[in-house]
Amino acid sequence: MTTGHSWLHRWFAAGDGGDVDAFDELLHTDVVVHAPMGLSSNGIDAEKQVWREAIAAMPDLRHDIRECWETASGIAARVRVSGTHQGSFGGIEGTGRRFEIDQATFVHLRDGRATEIWEIADTGSLMRQLGRLSTDD
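Moving on: the sheet that holds strand S3 (residues 62-70). Whether parallel or antiparallel, the strands of a sheet pair through hydrogen bonds between backbone atoms. The mixed open sheet is built from six strands, whose spatial order is S2-S1-S6-S5-S4-S3. Edge positions in the sheet fall to strand S2 (41-42) and S3, since each has one partner strand and no second. Bridging between strand S4 (residues 74-85) and strand S5 (residues 97-110) involves 12 bridges; their strand directions are antiparallel. Within S5, the residue paired with Ala 77 across the bridge is Thr 105.

In structure tokens:
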């Protein structure tokens, strides 16, 4: 049986590496992903497209799992996300700036595959690092 930490590691490694076909083993076809900045998706194909666009805009995108907890129905984790914003993503044109933000991820699993994912990211810090907000905002 897959542990929550290993499932999460496989998902982030596949996404960060651009291997979205690996999602077929990790996500239910009707997965719902709730994400900030208009990046929510419905269905595995839509989620694959979000990751394709993320890697195209940030080829060095990385998710580092800092803490992970398993619950009866899934996974909760604290994740550090980093990369260089080189292209348009989430409605923001590429800035060439490097970023590092915190994200909370909650995954509901059924039969070892995700049915629903919540991503809560520090978008305020992201916007400041990309030069879209001043440090006073």
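This next bit is on the side chain of Asp 16. When you line up the elements, Asp 16 lands in helix H1 (residues 4-16). No salt bridge forms around the buried Asp 16; measuring N to O, its nearest opposite-charge neighbour Arg 62 is 4.6 Å away. Apart from the residues within four sequence positions on either side, Asp 16 is in contact with Trp 51, Ile 55, Leu 61, Arg 62 and His 63.

The topology assignment puts Phe 99 in strand S5. When its relative accessible area of 5% is taken as the criterion, Phe 99 is described as buried. Note: C-alpha distance between Phe 99 and His 85 (14 residues apart in sequence) is 7.5 Å. Setting aside its immediate chain neighbours within four residues, Phe 99 contacts Met 58, Leu 61, Val 81, Ser 82, Gly 83, Thr 84, His 85, Leu 126, Gln 129 and Leu 130.

As a further point, take empty space enclosed by the protein. By the definition in use, this model includes one cavity of 30 Å³ or more. Taken as a whole, the largest cavity spans an internal volume of roughly 410 Å³. As for the largest cavity, its lining consists of 24 residues, of which Leu 39, Met 58, Phe 89, Gln 103 and Glu 119 are closest to the centre. No other element matches the four residues that helix H3 (residues 44-57) contributes to the lining of the largest cavity. For the lining of the largest cavity, the per-class residue count stands at 18 nonpolar, four polar and two charged.

Procedures and definitions
- Residues numbered from 1 in each chain as written.
- Predicted model: local features only at pLDDT ≥ 70, side-chain atom pairs only at ≥ 80, totals over all residues.
- Heavy atoms only, no water.
- Pairing = 2+ DSSP bridges.
- Helix = DSSP H or I, 4+ residues; strand = E, 2+ residues; numbered from the N terminus.
- Buried < 20%, exposed > 50% of the residue type's maximum accessible area, 1.4 Å probe, protein only.
- Lys, Arg positive; Asp, Glu negative; His and termini not counted.
- Salt bridge = Lys/Arg side-chain N within 4 Å of Asp/Glu carboxyl O.
- Contact = heavy atoms within 4.5 Å.
- 1 Å grid on protein atoms, 1.4 Å probe; cavity = no way out; pocket = protein on both sides within 12 Å on 5 of 7 lines; lining within 4 Å.
- Points joined across faces, edges and corners; volume = space filled by probe spheres on them.
- Nonpolar A, V, L, I, M, F, W, Y, C, P; charged D, E, K, R; others polar.

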